[in-house]
Amino acid sequence: MLDADFFRRWMAATATAVDREADRLTELDSAIGDADHGSNLQRGFTAVAAVLEKEAPATPGAVLTLAGRQLISTVGGASGPLYGTLLRRTGKALGEDAEVTRDQLAQAFAAGVAAVGQLGGAQAGDKTMLDALLPAAEALASSFQGAADAARAGAEATVPLQARKGRASYLGERSIGHQDPGATSAALLVEALAETARDGGAEA
Ligand code: ADP
Ligand code: MG
């Protein structure tokens, strides 16, 4: 079972991964965007880790809801509201249980990912974070590591795509040949989840 502490550790692991990869995220965003994705998420997840430490919400749902709110209020770019919606909606779908199963998380995460699609109007293949999140949500029904692998593969598969949403879409065909920054950070989020499950000895 996954408790509030597990979810706090997941968010902290995401903050660490975003710190480590911030330069790469910004580099990817400088190729097909405005070179702020690394700093946007660094600011956002640093604030998330801090508020979770301070307020220590008691349930998984409350951890993700607070994390999502914090992202929305600290990240200016497109990715702030989108990641904020992902975590808030996932948290809301988890309800008020003190502990949840991977299966419950998989269903809630799928609802969160669907909300990202609704907010941004993007679909699979549009070269956005959804290209990592959609396959990850599906694979999470089977295992944490499978979700991480699917997210990473989905992010890498954005390279040959032409962007149809967000800032990168302004480039038209010139967006082809670069990995999408948001899909890359989404893979970090899901890899941090698998890492947290591994370290905590949660079922695969
Ligand atoms: P901004 O584009 O405002 O500078 P960021 O650089 O932080 O914001 O984030 C860019 C990422 O956001 C993109 O790489 C893409 O994955 C994601 N993104 C942008 N627009 C959308 C959208 N409509 N739907 C889903 N994801 C999107
Ligand atoms: Mg940007």
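See the structure above.
Remember, it's a predicted structure, so these values are computed and weren't measured experimentally.

Caption draft 1: Broad picture of the site of ligand 1. In the neighbourhood of ligand 1, 20 residues make up the surrounding shell, with H37, N40, A78, S79 and D180 lying closest. Within the side chain of D34, one N or O atom sits 2.9 Å away from an oxygen atom of ligand 1. Between ligand 1 and H37, the relevant distance is 2.9 Å, taken from an oxygen atom to a side-chain nitrogen or oxygen of the residue. For ligand 1, whose unbound accessible area comes to 570 Å², protein coverage reaches 91%. By residue number, the principal contributor to the shell around ligand 1 is helix α8 (residues 181-199), which donates three residues. When the residues that make up the shell around ligand 1 are grouped by side-chain class, the tally is six nonpolar, eight polar and six charged.

Caption draft 2: Layout of helix α1 (residues 4-32). Helix length check: α1, at 29 residues, gives a terminal C-alpha distance of 37 Å against a target of 42 Å (1.5 Å per residue), a shortfall beyond 12%. At E21, α1 shows its maximal bend, which comes to roughly 60°.

Caption draft 3: Representation of the coordination of the magnesium ion (ligand 2). Here the magnesium ion (ligand 2) is held by the protein donor atoms D29 (OD), D34 (OD) and D36 (OD), which lie 2.0 to 2.2 Å from it. Every donor residue of the magnesium ion (ligand 2) comes from the same chain, spaced as D-x4-D-x1-D. With a relative accessible area of 23%, D36 lands in the partly exposed category.

Caption draft 4: Here's a closer look at unusual backbone geometry. A positive phi angle, close to 40°, is found at A56, a residue other than glycine. By the element assignment, A56 lies in the loop between α2 (37-55) and α3 (60-74). On the accessibility criterion, A56 (40% relative accessible area) is partly exposed.

Caption draft 5: Molecular detail of helix α5 (residues 102-120). The end-to-end C-alpha separation of α5 is 27 Å, in line with the 27 Å expected for 19 residues at 1.5 Å each. Turning to α5, its buried residues number three or more, namely R102, L105, A106, A108, F109, G112, V113, A115, V116 and G117.

Caption draft 6: Region of interest: the packing of aromatic side chains. Using the criterion set out here, one finds four aromatic pairs in the structure. With a centroid separation of 6.2 Å and an interplanar angle of 40°, the aromatic rings of F6 and F144 are classed as tilted. With F6 in helix α1 and F144 in helix α7 (residues 144-156), the pair connects residues that are 138 residues apart, well separated along the chain. On the basis of relative accessibility, which here comes to 2%, the residue F144 falls in the buried class. An aromatic cluster is built from F6, F7, W10 and F144, whose rings are joined through pairwise contacts. We note R102 situated over the ring of F144; from NZ or CZ to the ring centre the distance is 5.9 Å.

Caption draft 7: Representation of the side chain of D180. Along the polypeptide, D180 turns up in the loop between α7 and α8. Of the buried charged residues, D180 lacks a salt bridge, with K127 as the closest side chain of opposite charge at 6.6 Å. Sequence-distant contacts of D180, that is, excluding residues within four places in its chain, are made with I32, K127, T128, M129 and T158.

Caption draft 8: Local environment of the pattern of salt bridges. Counted under the stated rule, the structure contains six salt bridges. Ionic pairing is found between D5 and R8, a salt bridge with its closest N-O pair at 3.5 Å. Here the residue D5 and the residue R8 both occupy positions in helix α1, the gap between them amounting to three residues, near one helical turn. Among the residues examined, D5 registers a relative accessible area of 34% and is labelled partly exposed. Its salt-bridge partner being R164, residue D126 comes within 2.7 Å of it at the nearest N-O pair. With a gap of 38 residues between them, D126 in the loop between α5 and α6 (130-139) and R164 in the loop between α7 and α8 connect regions that are remote in the sequence.

Rules and cut-offs
- Residues numbered from 1 in each chain as written.
- Chains lettered and ligands numbered in written order.
- Predicted model: local features only at pLDDT ≥ 70, side-chain atom pairs only at ≥ 80, totals over all residues.
- Heavy atoms only, no water.
- Near = heavy atom within 4 Å.
- Polar contact = N/O pair within 3.5 Å; in protein donor to acceptor, adjacent residues only side chain to side chain.
- Areas by Shrake-Rupley, 256 points an atom, 1.4 Å probe, with all protein chains shown as cover.
- Helix = DSSP H or I, 4+ residues; strand = E, 2+ residues; numbered from the N terminus.
- Nonpolar A, V, L, I, M, F, W, Y, C, P; charged D, E, K, R; others polar.
- Expected span 1.5 Å × (residues − 1).
- Bend = angle between axes of the 7 residues up to and from the residue.
- Donors = N, O, S within 2.8 Å, 3.2 Å for Na, K, Ca; no water.
- Buried < 20%, exposed > 50% of the residue type's maximum accessible area, 1.4 Å probe, protein only.
- Phe/Tyr/Trp six-rings, centres within 6.5 Å; stacked < 30°, edge-to-face > 60°.
- Lys NZ or Arg CZ within 6 Å of the ring centre and 35° of its normal.
- Lys, Arg positive; Asp, Glu negative; His and termini not counted.
- Salt bridge = Lys/Arg side-chain N within 4 Å of Asp/Glu carboxyl O.
- Contact = heavy atoms within 4.5 Å.

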